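Below, each chain spelled out in residue letters.
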Amino acid sequence: MTPLLETLLEVQHLYAAQSHAIDTGDAEAWADTFVADGVFDSPTYDKPVTGRDALVAFARDLHAAAPHLHHVITNVLVRPAAETGEYDVRANLLIVTTHDLASGAARIDRITTIDDRLRRTPDNPAELRLVHRRVTRDGAAPEPSAPHLKEHP
């Protein structure tokens, strides 16, 4: 297995853990997928969420307001950021809601693109964590608000 393929599997595992954590209301576990000063930046919310305490509060509030959300991440593209040893990741994030609890019927509420910067933690180099997530909605061009965001072909 190549190093990039191993990293892709690590990234997919991180995204699965993150999605399950926020979908089940485990705000602490969701925040733990970020570095301590990590940033979550989405046009759905007024301003970026920065730092562990704010990330925990955000995830807790989101789950309380919308307990039937499901985050589905697909089309994961990992690119090494050679100059830093970090990784740039682009993927699609679908927000799905179970809108009929009796039947389990669901609908896709939003289709977004995520642009992430990931790094390994110094205390455990085997663990990848999110440094910055920038979310764009379907059809909108990404805004280069973070230095790691670039147009990928």
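Our subject is the structure that appears above.
Source: prediction; values computed, not measured.

Draft legend 1. Expanded view of the packing of helix α1 (residues 3-24) against helix α3 (residues 52-65). Direction vectors running N to C along α1 and α3 enclose 55°, while the axes themselves pass 8 Å from each other. In terms of orientation, α1 lies oblique with respect to α3. Residue-level inspection shows I22, D23 and T24 of α1 in contact with α3, the latter providing F58, A59, L62 and H63. Residue composition of the contact of α1 with α3, grouped by class: four nonpolar, two polar and one charged.

Draft legend 2. Quick peek at the sheet that holds strand β2 (residues 49-50). Ordered by their spatial adjacency, six strands build an open sheet running β2-β1-β6-β5-β4-β3, and the pairing between neighbours is mixed. The outermost strands of the open sheet, each flanked by one partner alone, are β2 and β3 (69-81). As paired strands, strand β1 (residues 34-41) and strand β6 (residues 124-137) are joined by four bridges and run parallel to one another. For D41, the partnering residue across the bridge sits in β6 and is R134. Across the face of the sheet, α1 comes into contact with β1, β3, β4 (86-100), β5 (105-121) and β6 while running at roughly 155° to β3.

Draft legend 3. Structural view of the pattern of salt bridges. Counted by the stated rule, this structure contains eleven salt bridges. Between R117 and E86 there is a salt bridge, with its nearest N and O atoms 2.6 Å apart. Placement of R117 in strand β5 and of E86 in strand β4 is noted, with a sequence separation of 31 residues between them. Across the pair, E86 and R117 agree in class, each one buried. Residue R117 is joined to D88 by a salt bridge in which the shortest nitrogen-to-oxygen separation is 2.7 Å. Placement of R117 in strand β5 and of D88 in strand β4 is noted, with a sequence separation of 29 residues between them. On the accessibility criterion, R117 (8% relative accessible area) is buried.

Calculation rules
- Residues numbered from 1 in each chain as written.
- Predicted model: local features only at pLDDT ≥ 70, side-chain atom pairs only at ≥ 80, totals over all residues.
- Heavy atoms only, no water.
- Axes fitted to C-alpha atoms, helices over the stretch in contact; angles between N-to-C directions.
- Helix = DSSP H or I, 4+ residues; strand = E, 2+ residues; numbered from the N terminus.
- Parallel < 35°, antiparallel > 145°, perpendicular 65-115°, else oblique.
- Contact = heavy atoms within 4.5 Å.
- Nonpolar A, V, L, I, M, F, W, Y, C, P; charged D, E, K, R; others polar.
- Pairing = 2+ DSSP bridges.
- Salt bridge = Lys/Arg side-chain N within 4 Å of Asp/Glu carboxyl O.
- Buried < 20%, exposed > 50% of the residue type's maximum accessible area, 1.4 Å probe, protein only.

Take it as geometry only, folks, not as evidence of what the structure does.
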